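# A closer look at the structure
Here's the letter readout for the chains.
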Amino acid sequence: MWRRLLPVLAGIGLGLAVLAVGLGSLHGIFAREREEGRRALEDRRRALELYARQALTDSLRRALEEAGPRLQQAAVDPLVPDSDLLLFRAGRQLLPRTSAPRGGPAAPAQMLHGALEARGPGTLAAEEDPEEPWAQRLLLMDRFLAALKSADASGVERTLREWLSHRARFVLPVAKDTVAALWLLERFQAGGRPDPLLMRSLLRDGVQGVSGARVEGLQRVLLDRREAFGHADFAFLRARIAQLSELTHVDYVDFNQRAAAEPGMSVPLSLPLAEAELRPEGWYVEPLGKDGARGIQVGATALIERVREQMRERALLDDEDRLALSRTDTPALLSTLAVALESPRTVAAVSELESRYRLKTLLLGFSGALALAIVGLAVLAHERKVRFLALRSEFVSTVSHELRTPLSAIRVMAETLERRVGGMPGAGNYPSRIIAEADALGRLVENILTYNRLEKGRWEARREQVPLEPLIQRVVEDAAAQNAARVELKAEGLAGLSVPGDPELLRMLFSNLVHNACRYTTRSPVELRVEARKDGATVVRFSDNGVGIPRESWEAVFEEFRRLRREELPARGGSGLGLAICRRILSLHGGTLRVAASSPEGTTFEMTFPPA
């Protein structure tokens, strides 16, 4: 029994090894699939972070480029808001302006304004050294007022030009110059009808002097030199300039806003800058020359949010995704600026990858365990099948052996009876029928015993050259003697042809074919045609004129205990082992047997014998 189980066990072991390799390969595929998925997600996250960083960098540079003209204007015009602008030149901060009025209770500007109001510039000039520019300025102011009082238009224009030229030529203390100019313009507005464009130039835009020097408007002078005034004087002059601007229809709203604004903060910038950087105070700064820099105040959070919205509109981010700068507490160089992506979708995808990997691994383990269980059941079932087949084979063998003796006795007694009563009235053909049935039963027993021996491998085949023509002729003669139907044989190519094999097995091979031809036919006589050719291997074609075999049963007829049921044929005995034995005999000789053709006119079997 173990010899029969050994090939099965070897096959099962090989199958288990293949299964283990397959499961291992699947596990490797699942692991690679997980790693590739995680790598793809990580690559996508990095690509999105790189995209966001580039978009943020572009936004910062674009914002600074857009603010460039305003930076240039604010550097020379104090009326331009500069709280969000940063400008360093020659190592000094120009924007935002950090200057502020001085402290202290003194108010010299108010006192000078009051003295001019009470005593007039001529009286004050008489108290000064006539060679001093200040005394000259006061005298020019006095002449202007005289021309204005006498309504001398040409005198007003001439003295005003002289006064402007003196302002352009001589730089007086800013407090004196600003107060004197303000008082004179107030008198000009109160005593005449000054040209609006002229007043705008004097109060706001400034005037280009004849010598090329520029006289700035009072609004810009006060804002640009606020550190030269005390708080009280600054507030006094601011109010008077704003009032005069309103009376002369000159813009002053932005002047008031800039005067009321707090001084800009000082930015601790280390120059020179190596490259652009984003500072924790909210400044984006770029180097400007060797000891300079320019920048703009940005809301990093607002910029990041704007970039996130842009990416969301392009379907790059979900609504739940967030972007954040990796470091905001120290200055960050633009080249090392990092943006971090917080994506719940990516986290969920990674978790799903892990869950799927664990599930697939569990399924592989379950499959392996199931395969082992199936193998165990298969081995048990095969072992039981082998035991059953062995018991059946032993039973059939025993029964067949036990039947041979009584069958021989029955045949002998039937032959004796035929000799004694043959031809007597009333005896009929009973003795001959008994002999025929005994022979049929004997062939059945012989087939069963032969199949049993072949199946168990107990037949030790002899090898000798067996002539085919006398063998087949003898088999046909025996069949004709045992069957009521007449049998005719047509042979071609058999003369002198021999095949290597066991004579007894070859006799049984052709005997089964001939008896099947006699059993499965409705014609008389039974026509047999045997053709042979030798071309290395020997091919023998055996044809009959039987009822034929359906095409779908050409292979099934070679299975053991398989019999064809044909309605046109009377029920006949048989074990269903004849063709199975024929194929096993040829297999034992290293040959093959197949149905070459079949139709209602007959069947052709083709046998191939290997060369000697």
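This structure is a prediction, so every number in the text was calculated from the model and none was measured.

Turning next to the overall build of the protein. Looking only at helices and strands, the protein has 16 helices and 17 strands in total. Sorting the 612 residues of the protein into buried and exposed places 40% on the buried side. Summarising the internal contacts of the protein: among those between residues at least 6 apart in sequence, 64% fall at separations of at least 24. As presented, the protein carries roughly 33,400 Å² of accessible surface, and 55% of it is formed by carbon and sulfur atoms.

Strands sit in the order β2-β1-β7-β6-β5-β9 across an open sheet of six strands; the sheet is antiparallel. The open sheet is flanked by β2 (92–95) and β9 (332–333), the only strands paired with a single partner. One ladder, built from four bridges, connects strand β1 (residues 85–89) with strand β7 (residues 293–297); its direction is antiparallel. By the bridge assignment for β7, L85 is matched with I296.

Here we come to the packing of aromatic side chains. Enumeration according to the criterion identifies two aromatic pairs in this entry. For the ring pair F144 and F188, a centre distance of 5.2 Å and an interplane angle of 85° mean the geometry is edge-to-face. Here the residue F144 occupies a position in helix α4 (residues 133–149), and F188 occupies one in helix α6 (residues 174–191), the gap between them amounting to 44 residues. With respect to class, F144 is no different from F188; both count as buried. When the centroid spacing of 6.5 Å and the interplanar angle of 85° are considered together, the rings of F558 and F605 count as edge-to-face. Here F558 is found in the loop between β15 (537–543) and α16 (578–588), whereas its partner F605 is found in strand β17 (residues 602–609), with 47 residues between them in sequence. Each member of the pair, F558 as well as F605, is classed as buried. Note that R34 overlies the ring of Y357, its terminal NZ or CZ placed 4.0 Å from the centroid. The side chain of R551 reaches across the aromatic face of W554, ending 4.0 Å from its centre.

This part is about the packing of helix α5 (residues 153–169) against α6. The relative placement of two packed helices is expressed as an angle between their axes plus a distance between the axes. Where α5 meets α6, the axes come as close as 13 Å, and the angle between the chain directions of the two elements is 165°. In terms of their interaxial angle, α5 and α6 are classed as roughly antiparallel. Remark: the crossing between α5 and α6 carries left-handed chirality. Residues V156, L160, W163 and R167 of α5 form the contact with α6, whose own contacting residues are D177, A181, L184 and F188.

The rules behind the values
Counting from 1, residues in each chain are numbered in the order their sequence is written. Per-residue local features of the predicted model are confined to residues with pLDDT of at least 70, and side-chain atom pairs are confined, for both listing and counting, to 80 or more; whole-chain, interface and lining totals are unaffected and use all residues. Note that the side-chain values use all heavy atoms of the structure and ignore hydrogens as well as water. Under the scheme used here, helices are H or I runs from DSSP no shorter than 4 residues and strands are E runs no shorter than 2 residues, and both carry numbers assigned from the N terminus. Accessible area is worked out with a 1.4 Å probe on protein chains only. A residue is then buried under 20% of its type maximum, exposed over 50%, and partly exposed in between. Residue contacts follow a heavy-atom distance rule, with two residues in contact if any of their heavy atoms lie within 4.5 Å. Residue burial considers only the protein chains on display, and all accessible areas are found by Shrake-Rupley using a 1.4 Å probe. For two strands to be treated as a pair, DSSP must find no fewer than two bridges joining them. Here the aromatic set is Phe, Tyr and Trp, taking the six-membered ring for Trp, and pairing holds for ring centres within 6.5 Å; pairs whose planes are under 30 degrees apart are stacked, those over 60 apart are edge-to-face, and all others are tilted. Geometrically, a lysine NZ or arginine CZ counts as sitting over a ring once it is within 6 Å of the ring centre and also within 35 degrees of the ring normal. Each axis is a line fitted through C-alpha atoms, and for a helix only the stretch in contact is used; angles between axes span 0 to 180 degrees, taken between their N-to-C directions. Comment on the angle field: the value is read as roughly parallel under 35 degrees, roughly antiparallel over 145, roughly perpendicular from 65 to 115, and oblique elsewhere. Whether a crossing is left-handed or right-handed is set by the direction in which the near helix is turned from the far one by less than a right angle, anticlockwise for left-handed and clockwise for right-handed.

Shape descriptors only; they carry no functional weight alone.
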